[in-house]
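# Secondary and tertiary structure notes
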Amino acid sequence: MKSKECVAMILAGGQGSRLGILTKDVAKPAVPFGGKYRIIDFPLSNCTHSGITTVGVLTQYQPLELNTYIGNGQPWDLDRNDGGVYVLPPYVSAEKGEWYKGTANAIYQNIGFISRFDPEYVVILSGDHIYKMDYSKMIKAHKKANAAATIAVIEVPWEEAPRFGIMNTDDEMNIVEFEEKPQNPKSNLASMGVYVFNWALLKKYLIADENDPKSDNDFGKNIIPKMLGDGNRMLAYKFDGYWKDVGTIQSLWEANMNLLSDNPGYMLDDDDWKIFSRNPAMPPHYLAPEARVKNCYITEGCEIMGDVENSVIFEGVIIEEGAVVRDSVIFPCAHIGKGAVVSKTMIGTNAFIGEGAEIGSESDDAVTDFYNTKICSDGITLIAPEITIENGVKIGVCSMVTQNVKQGTGKKADTDTATA
Amino acid sequence: MENNNTMGLIFSGNPEVNLGELMKVRSLAAVPVGGRYRIIDFMLSNMVNSGIVNVGITTGYKHRSLSDHLGSGKAWDMARKQNGLFILSPPENLDITPRTLEGIDFIDSAMSYLNRSRQEYVMLSDCNTICNIDFDEVIKFHFEKEADITVVCAEAGELTPKELSKNIMLETEEDGRVSDIQVYPKKQNSNLAYMHIFFIKKDFLIDLVGDCLAHDKHSISKDILLANVEKRRIYAYKYEGYRKTIDSIKSFYQFNLELLNSDIRHEVFGTDDSRSIHTKVKDSVPTKYGRDAEVKNSFVADGCCIEGRVENCIIFRGVKIGKNSVVKNSIIMQNSRIMDGCCVENAIFDKEVILCNGKKLVGQITYPLCIGKRTIV
């Protein structure tokens, strides 16, 4: 095995429970985004463009779809003779076997994998952010500063700072203090979950951390504070592009809607930094004579007969005549029946919306059984993948529909049956 | 299941076809079509979908763009250790021969590939007939009939003298055995037109080619098929689906616009995954429609940005159409750019054409205006 200067490890095992039904059967990094991508396409494409061609993807929660999606890494040019992409689930060895207990433990369990490449540096990434970033520039800064670790940070609005891990730095961007979700932040530089470490040093800390029974085995909670406490030089690397954590339904919806704004903050359509993805073999999309499309993102394989505005439409979606789709995100191969109305909704893969159904309805007679403001905040409605909503059913706003909904469900329909 | 005993050979050119401006920079097989495809994609996908996974493609002049498009064959799942895609080099005498090379010359140029392949049978096809055909059926038919050669044909309907002069007509007996072949007849005696696809045992093909060349004969239709009508069992398999032969700017334009018909579109591209048409992947972003976009009855590929009015069009990947522009009945190829306030009707734009603000270009529906690659108007 030739040694590599740098190996990237993508933490992709998280459940992403705040994405509700979207992550019931798939890990968060495999959640669709932006019309033809999965969230993990972003860190994977960033790696390729940054010249990092040895990438480990740590999976744990519902890995089947993610593993299938990554496959041999060919869509990201990561099918290499030497290196390439590796999917790394937890495994059992002679002495013991266990799940990844935390982010640091996940890397700890793969010390053997990383050591095979004998790298100088290890880049740790998380598999659930939308951003375009050149890691090679960060590594350069890391080398130049002769740092033990470098953490990418981004300025966030002060009022949001308490939600993030905040880095307090000196004038030379050396990190002096790390605070996880501080109530009274001293800085608004939030950690992006992108770290560069000197491998030899990190390995020592990982082993020490593993031997500490009190540790949560987490980078943010344990490794970073420990390294800092020991007086290692740790650099904050400021990133000033677009970066979005899509951990909640609201932020996922917003990140999709951002694409439609005049200034989305980053160029998805950029030949020099394309986001690669596994492309389905589908023909171009067809817009019928009666179609109306305004301010939307539409991709291959769709057949649009209805009226679509401010929406992101994934591949293979069919929107029939008279259907109206507004401010929504429609995942692959969903079907919206004739005259259906879909407002501010995310519709899961292969879901079927019957004729004349209303999703995200504010009507008094709408079904409210699936009301779930914990997941569906900000007036967003969520329809699970593979679900059928029968003809004419109205689904109330802020619902998370997790099962098929038959005709006749809902208040008005109940009275109808009663009178009949 | 893979058809382990059949290989494919596709002819990337056709000396009788000229698509004018569109073929100035590329061979017939590499002409862009249908929003994100090239002509070759259809026949090559048909082969792959039928489990024919050892396919050679002959080349002639201007094969750069074809080689570039096909690459390793990965997009068709044909980058393999065993079998896969073979882009054959042009015949050695391509430049020096005083006559135009014909089908048999191209088979001859593929001789070492044919000899080296393990398969016993060959499916040979032109590239410029667009259809979604299951070759398994053709092969099954061939063995059922115990044929020596099986040709694929389709009902022609009534042909004009001009169309007739480009067609090879077949007459068959009741069981499908070909009794007569008329190459470019003046008068229509039959309703069956040959689709330039045939199936044959490899050794037999090699013998025939050797024999033809020894007698200075070069035409597949005349010297392989017609010459053997009586001596050999040639059978005609009738293909029933949609087909379109692209042999002129007019038929090219017609085929593209016919894709706006949903039935034809679903048939050509296959409604289930096993019959889908593959092409080179470009990782373009989804297409963005602006707030003032008005798009009707159009077929639009990824990576476009459309802010104007588009009607009855085929829009390829990465096309930009500016505000207040109107584009009708047109085919706009990859990365072309129509700026603001333009008017385009009945036109074909090759790749990377730029139409500056406020320009107007109008062709005739029967005679579309064709703008060459990288033209700036």
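Residues numbered from 1 in each chain as written. Chains lettered and ligands numbered in written order. Predicted model: local features only at pLDDT ≥ 70, side-chain atom pairs only at ≥ 80, totals over all residues. Heavy atoms only, no water.

Bringing the overall build of chain A into the picture now. In terms of regular secondary structure, chain A is built from nine helices and 31 strands. By the compact-globule yardstick of 22 Å for 420 residues, chain A fits well, its C-alpha radius of gyration being 23 Å. Seen through its principal axes, chain A has C-alpha atoms that stretch 75 × 50 × 45 Å. Counting over 420 residues, chain A shows a buried share of 58%. In chain A, of all internal contacts separated by at least 6 residues, the share reaching a separation of at least 24 is 60%. If you sum the accessible surface of chain A, you get close to 17100 Å²; carbon and sulfur atoms cover 47% of it. Within chain A, one finds 39 positive and 56 negative side-chain charges whose respective centroids are separated by 5 Å. (Helix = DSSP H or I, 4+ residues; strand = E, 2+ residues; numbered from the N terminus. Rg over C-alpha atoms; globule rule 2.2 N^0.38 Å. Buried < 20%, exposed > 50% of the residue type's maximum accessible area, 1.4 Å probe, protein only. Contact = heavy atoms within 4.5 Å. Areas by Shrake-Rupley, 256 points an atom, 1.4 Å probe, with all protein chains shown as cover. Lys, Arg positive; Asp, Glu negative; His and termini not counted. Charge placed at Lys NZ, Arg CZ, Asp CG, Glu CD.)

A few words now on the sheet that holds strand β25 (residues 347-349) of chain B. Read across the sheet, 11 strands follow the order β29(A)-β26(A)-β23(A)-β20(A)-β17(A)-β14(A)-β16(B)-β19(B)-β22(B)-β25(B)-β28(B) without closing on themselves; strand pairing throughout is mixed. Two strands close off the open sheet at either side, each with one partner strand: β29 (388-389) of chain A together with β28 (369-371) of chain B. Taken together, the two bridges between strand β19 (residues 314-315) of chain B and strand β22 (residues 331-332) of chain B define a ladder with parallel strand orientation. Bridge pairing in β22(B) places I315(B) opposite I332(B). (Pairing = 2+ DSSP bridges.)

Taken together, the contacts link 36 residues of chain A with 37 residues of chain B. In total, chain A and chain B occlude about 3000 Å² of area from one another, counting both sides; carbon and sulfur atoms represent 47% of this. The tally of links from chain A across to chain B stands at five salt bridges. K320(B) is the partner of D269(A) in a salt bridge, and the nearest nitrogen-oxygen pair spans 3.3 Å. Across the contact surface, chain A and chain B share 27 residue pairs in polar contact (both at pLDDT 80 or more). Counting only elements with at least two residues in the side of chain A that touches chain B, the list comes to β14 (285-287), β15 (292-294) and β16 (296-298) of chain A. By residue class, the composition of the side of chain A that touches chain B is 20 nonpolar, nine polar and seven charged. Sheet topology note: the β16(A)/strand β14 (residues 287-289) of chain B ladder contains three bridges and is antiparallel. Across the sheet, the residue bridging to I298(A) is T287(B), located in β14(B). (Buried area = accessible area lost by both parts, 1.4 Å probe. Salt bridge = Lys/Arg side-chain N within 4 Å of Asp/Glu carboxyl O. Polar contact = N/O pair within 3.5 Å; in protein donor to acceptor, adjacent residues only side chain to side chain. Nonpolar A, V, L, I, M, F, W, Y, C, P; charged D, E, K, R; others polar.)

Attention now moves to the domain arrangement of chain B. All names here are of chain B. Under the domain assignment used here, chain B contains domain 1 (6-275) and domain 2 (288-371). Relative placement of domain 1 and domain 2: their C-alpha centres are 32 Å apart. With 20 residues of domain 1 in contact, the opposing surface of domain 2 contributes 23 residues. Where domain 1 abuts domain 2, roughly 1800 Å² becomes buried across the two surfaces, and 70% of that area is made up of carbon and sulfur atoms. It is G35, Y253 and L260 in domain 1 that bury the most area against domain 2; as a group they hold 37% of the surface buried on that side. Put simply, domain 1 and domain 2 have one salt bridge between them. (Domains from an automatic or database assignment.)

Attention shifts here to the nonpolar core. L44(A), M133(A), I304(A), I389(A), Y289(B), I315(B) and F349(B) are the most contacted members of the largest nonpolar core, which totals 130 residues. The leading source of residues in this core is helix α8 (residues 249-258) of chain A, at five residues. Excluding its chain neighbours within four sequence positions, the residues that come into contact with M133(A) are N46(A), S50(A), M138(A), A152(A), M192(A), V194(A), Y237(A), F239(A) and W273(A). (Core = buried A, V, L, I, M, F, W, Y, C linked by side-chain atoms within 4.5 Å.)

Our next topic: the packing of aromatic side chains. For the coordinates displayed, the defined rule picks out 25 aromatic pairs over all chains. Each ring, one from F113(A) and one from F117(A), has its centre 5.3 Å from the other, and the planes form 70 degrees; the classification is edge-to-face. Note on accessibility: F113(A) and F117(A) belong to one class, buried. Ring centres of F42(B) and F269(B) lie 6.0 Å apart, and the angle between their planes is 50 degrees; on these two criteria the pair is classed as tilted. Placement of the pair is F42(B) in helix α1 (residues 39-49) and F269(B) in helix α10 (residues 262-269), with a sequence separation of 227 residues. (Phe/Tyr/Trp six-rings, centres within 6.5 Å; stacked < 30°, edge-to-face > 60°.)

All right, on to the packing of helix α6 (residues 199-210) of chain A against helix α7 (residues 219-229) of chain A then. Residue and element names in this part refer to chain A. Direction vectors running N to C along α6 and α7 enclose 120 degrees, while the axes themselves pass 11 Å from each other. Looking at the two axes, α6 sits oblique to α7. Where α6 crosses over α7, the handedness of that crossing is right-handed. On α7, the residues that touch L201, L202, Y205, L206 and D209 of α6 are F219, N222, I223, K226 and M227. Grouping the constituent residues of the contact of α6 with α7 by class yields seven nonpolar, one polar and two charged. (Axes fitted to C-alpha atoms, helices over the stretch in contact; angles between N-to-C directions. Parallel < 35°, antiparallel > 145°, perpendicular 65-115°, else oblique. Left-handed = near helix turned anticlockwise from the far one by under 90°.)

Residues and elements named next belong to chain A. Most of α8 is tucked away: seven of the 10 residues are buried. Looking at α8, one finds that the buried residues are I249, S251, L252, W253, A255, N256 and M257. Buried residues belonging to α8 abut β2 (32-33), β13 (243-245), β19 (312-313), β22 (329-330), β25 (345-347) and β28 (381-383).

This paragraph deals with empty space enclosed by the protein. Residues and elements named next belong to chain B. Within this structure, the stated rule accounts for one cavity of 30 Å³ or more. Here the largest cavity defines a volume of roughly 90 Å³. Lining of the largest cavity is provided by P32, G35, R36, Y37, R38, H69, K280, K282, F316, R317 and Q334. There are two domains that each give the lining of the largest cavity at least three residues, and those are domain 1 (6-275) and domain 2 (288-371). (1 Å grid on protein atoms, 1.4 Å probe; cavity = no way out; pocket = protein on both sides within 12 Å on 5 of 7 lines; lining within 4 Å. Points joined across faces, edges and corners; volume = space filled by probe spheres on them.)

Right, let's get into the state of the cysteines. Residue and element names in this part refer to chain B. Applying the stated criterion across every chain yields a total of zero disulfides over all chains. Between C131, a cysteine without a disulfide, and C127, which holds the nearest cysteine sulfur, the sulfur-to-sulfur distance is 12 Å. What makes C131 buried here is its relative accessible area of 0%. (Disulfide = S-S within 2.5 Å.)

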